[in-house]
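# Architecture at a glance
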Amino acid sequence: MTRRLSIIVPCYNEEAVLAESYRRTRAVIDRLPCEGEIIYINDGSRDGTRNMLNELADEDPRVKVLHFSRNFGHQPAVSAGIHQCTADWAVIMDADLQDPPELIPDILALSEREGANSVYCVRRSREKETLFKRLSARLFYRTMNRMSEVQFPLDTGDFRLIDRKIMDQFKRLPEHGKYIRGLISWIGFKQVPFYYERKARVAGETKYPLSKMLRFASNALLYFSKKPLRLASSLGFLAVIVGLLLALWTLLGKICGFSHAETGWSSIMTAIIFFGGVQLLTIGVLGQYIGVLFDEIKNRPEYIIDECRNCTDS
Ligand code: UDP
Ligand code: MG
């Protein structure tokens with residue numbers, strides 16, 4: 001039986017890049033050593049993306065399209081692509097051609113050569129991205145590695161190849177807030193790097209404004225690390241020590257006569273504000289984890305599919 005590779009492409013308001021993205025991806029599929037198809041996930045786009053994808057699906061049976069009922073986010077869109085995929089391999093790729101589809105044959109060849117279950121693509125450089133984006137990404141991947149119990153490859157996004165074994169394990173994961181690149185590392189098996197230069201977006205704007213980026217980063221941290229909770233306890237412990245030292249100082253001052261406790265308005269205020277701050281901070285950290293528990297316990301689906309095109313399998 002011929003083997004099959006699916007290219008999973010989440011799209012949110014991507015009308016500016018879609019035609020070019022499809023053209024280049026199709027050209028790659030034509031020269032793959034196996035059968036190929038594209039799974040587009042329209043994550044509730046409000047521009048012409050929906051119609052464009054439907055036209056592509058009508059013309060080309062190798063194009064499968066899932067339309068979400070609204071914008072659920074990049075990670076749920078990729079997750080839906082993996083759930084939908086029945087091929088032997090999947091490549092996860094952005095629609096904006098920052099991750100060049102032309103690399104896919106080399107990535108597939110590497111996985112075959114190394115007998116790897118996953119090939120993750122590491123960004124050697126990033127073209128035309130703002131200094132802020134580059135620095136924040138650097139900081140994020142390094143902090144995640146320090147905080148998490150699982151080790152992640154640095155400077156690696158979702159652009160990667162995964163095989164059937166990894167997809168089958170992925171489908172078993174019950175959590176709703178999925179940090180996909182982390183989960184794939186967590187699943188394990190043989191995973192090897194592939195180095196590449198990340199290009200600039202060919203057209204359109206980033207669909208990750210600062211607010212989405214922060215939510216993405218805090219989700220990743222909350223789902224993969226309990227260290228913030230441990231840090232909160234350490235901070236509480238430190239505050240207790242400081243409080244005890246202050247009490248001792250006041251007592252000694254009274255006994256030895258160097259304290260002017262009755263004029264100590266500012267020191268009392270400082271202590272109140274300090275301890276109040278520590279308490280709010282630690283409660284805030286607790287609250288974040290409770291929020292995650294709340295979301296998980298509601299057990300709502302990760303996404304809702306409105307319509308499928310050319311999806312014969314499920
Ligand atoms: N995307 C999505 N839903 C969203 C935001 C983004 O499906 O809510 C898609 C988007 O269309 C693109 C990919 O996720 O294919 C990555 O987004 P983008 O390129 O804007 O992020 P950046 O590369 O700037 O971090
Ligand atoms: Mg992009």
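Given the structure is predicted, the values throughout are model-derived calculations rather than measurements. (Residues numbered from 1 in each chain as written. Chains lettered and ligands numbered in written order. Predicted model: local features only at pLDDT ≥ 70, side-chain atom pairs only at ≥ 80, totals over all residues. Heavy atoms only, no water.)

## A few points about the coordination of the magnesium ion (ligand 2)
The protein atoms donating to the magnesium ion (ligand 2) are Asp96 (OD) and Gln98 (OE1), with metal-donor distances spanning 1.9 to 2.0 Å. Taken individually, Asp96 and Gln98 each receive the classification buried, so the pair is uniform in this respect. (Donors = N, O, S within 2.8 Å, 3.2 Å for Na, K, Ca; no water. Buried < 20%, exposed > 50% of the residue type's maximum accessible area, 1.4 Å probe, protein only.)

## With respect to the nonpolar core
Grouped together as the largest cluster of nonpolar side chains are 39 residues, with contacts concentrated most on Ile82, Ile162, Tyr179 and Phe224. Looking at which element gives the most residues to this core, the answer is helix α8 (residues 210-224), with five residues. Within the second largest apolar cluster, 35 residues are counted, among which are Ile7, Ala57, Trp89 and Leu108. (Core = buried A, V, L, I, M, F, W, Y, C linked by side-chain atoms within 4.5 Å. Helix = DSSP H or I, 4+ residues; strand = E, 2+ residues; numbered from the N terminus.)

## Things to note about the sheet that holds strand β3 (residues 63-68)
Across the sheet, which stays open at both edges, the eight strands sit in the order β7-β5-β6-β4-β1-β2-β3-β8 with mixed pairing between neighbours. Edge positions in the sheet fall to β7 (191-198) and β8 (305-309), since each of these pairs with one other strand and no more. Looking at each pair of strands side by side, their axes are set apart by 20 degrees on average, direction ignored. Relative to strand β2 (residues 35-42), strand β1 (residues 4-11) is paired through eight bridges, and the arrangement is parallel. Each bridged residue has a counterpart across the sheet, and for Ser6 the counterpart in β2 is Glu37. Along the sheet face, helix α4 (residues 104-114) touches β1, β4 (89-92), β5 (118-126), β6 (156-163) and β7 and points at about 160 degrees away from the line of β7. (Pairing = 2+ DSSP bridges. Axes fitted to C-alpha atoms, helices over the stretch in contact; angles between N-to-C directions. Contact = heavy atoms within 4.5 Å.)

## Overview of the side chain of Ser148
Tracing the backbone shows Ser148 in the loop between α5 (131-147) and β6. Residue class for Ser148 comes out buried when judged on its relative accessible area of 7%. Separated by 3.4 Å, the side chain of Ser148 and the backbone oxygen of Phe224 make a polar contact. Apart from the residues lying within four places of it in its own chain, the contact partners of Ser148 are Phe224 and Ser225. (Polar contact = N/O pair within 3.5 Å; in protein donor to acceptor, adjacent residues only side chain to side chain.)

## Describing the packing of aromatic side chains
Tallying each qualifying case throughout the model produces 11 aromatic pairs. Seen in terms of ring centroids, Phe152 and Tyr179 are 6.0 Å apart; in terms of plane orientation they differ by 90 degrees. Their pairing is edge-to-face. With Phe152 in the loop between α5 and β6 and Tyr179 in the loop between α6 (164-172) and α7 (180-187), the pair connects residues that are 27 residues apart, well separated along the chain. Owing to a relative accessible area of 9%, Phe152 belongs among the buried residues under this scheme. The structure contains a cluster of three or more aromatic residues connected by ring pairs, namely Phe140, Tyr141, Phe152, Tyr179, Tyr208, Phe216 and Phe224. (Phe/Tyr/Trp six-rings, centres within 6.5 Å; stacked < 30°, edge-to-face > 60°.)

## Overview of the packing of α5 against α8
α8 packs onto α5 with a crossing angle of 10 degrees between their chain directions and a minimal axis gap of 10 Å. Comparing the axis directions of α5 and α8 gives the class roughly parallel. Seen from α5, the contacting residues are Phe132, Lys133, Ser136, Phe140, Met144 and Met147; seen from α8, they are Leu210, Met213, Phe216, Ala217, Ala220, Leu221 and Phe224. Within the contact of α5 with α8, the residues separate by chemical class into 11 nonpolar, one polar and one charged. (Parallel < 35°, antiparallel > 145°, perpendicular 65-115°, else oblique. Nonpolar A, V, L, I, M, F, W, Y, C, P; charged D, E, K, R; others polar.)

## Focus on the side chain of Lys178
Here Lys178 shows up in the loop between α6 and α7. Only 2.8 Å separates the side chain of Lys178 from the backbone oxygen of Glu175, close enough to count as a polar contact. At a separation of 2.8 Å, a polar atom in the side chain of Lys178 contacts the side chain of Glu302. Each residue touching Lys178, except ones within four places of it in the same chain, is listed here: Gln75, Ser79, Phe170, Leu173, Leu183 and Glu302.

## Here's the deal with the site of ligand 1
Around ligand 1, a shell composed of 19 residues is seen, among which Glu14, Asp43, Gln98, Thr206 and Lys207 lie nearest. The separation between an oxygen atom of ligand 1 and a polar side-chain atom of Lys133 is 2.8 Å. Between ligand 1 and Arg201 there is a distance of 3.0 Å, counted from an oxygen atom to a side-chain nitrogen or oxygen. Expressed as a share of its isolated accessible area of 530 Å², the protein-covered part of ligand 1 is 95%. (Near = heavy atom within 4 Å. Areas by Shrake-Rupley, 256 points an atom, 1.4 Å probe, with all protein chains shown as cover.)

## As for the UniProt feature "transmembrane region" (unreviewed entry) in the protein
According to UniProt, the feature "transmembrane region" (unreviewed entry) maps to residues 231-252 and 272-294 in the numbering used here. Between the end C-alpha atoms of residues 231-252 there is a gap of 31 Å, over a span that is 100% helix and 0% strand. The distance separating the terminal C-alpha atoms of residues 272-294 is 32 Å; by composition the span is 100% helix and 0% strand. (UniProt positions renumbered as here; feature names shortened; annotations may be inferred.)

## Overview of the UniProt feature "domain: Glycosyltransferase 2-like" (unreviewed entry) in the protein
The feature "domain: Glycosyltransferase 2-like" (unreviewed entry), as given by UniProt, occupies residues 6-168 in the numbering adopted here. Regarding residues 6-168, the helix share stands at 44% and the strand share at 25%, and the terminal C-alpha atoms are separated by 15 Å.

## Section: α5
Here α5 contains 17 residues, and its C-alpha end-to-end distance of 24 Å stays within 8% of the 24 Å for a straight helix at 1.5 Å per residue. Residues of α5 that are buried: Ala137, Phe140, Tyr141, Met144, Asn145 and Met147. On the buried face of α5, the contacting elements are β5, β6, α7, α8 and α9 (227-256). (Expected span 1.5 Å × (residues − 1).)

## Some points on the packing of helix α3 (residues 74-84) against α6
Two numbers describe how α3 lies on α6: the axes approach to 9 Å, and their chain directions differ by 115 degrees. In terms of crossing hand, the pair formed by α3 and α6 is left-handed. Along its contact with α3, which presents Ser79, Ile82 and His83, the element α6 presents Met167, Phe170 and Lys171. A class-by-class count of the residues in the contact of α3 with α6 yields three nonpolar, two polar and one charged. (Left-handed = near helix turned anticlockwise from the far one by under 90°.)

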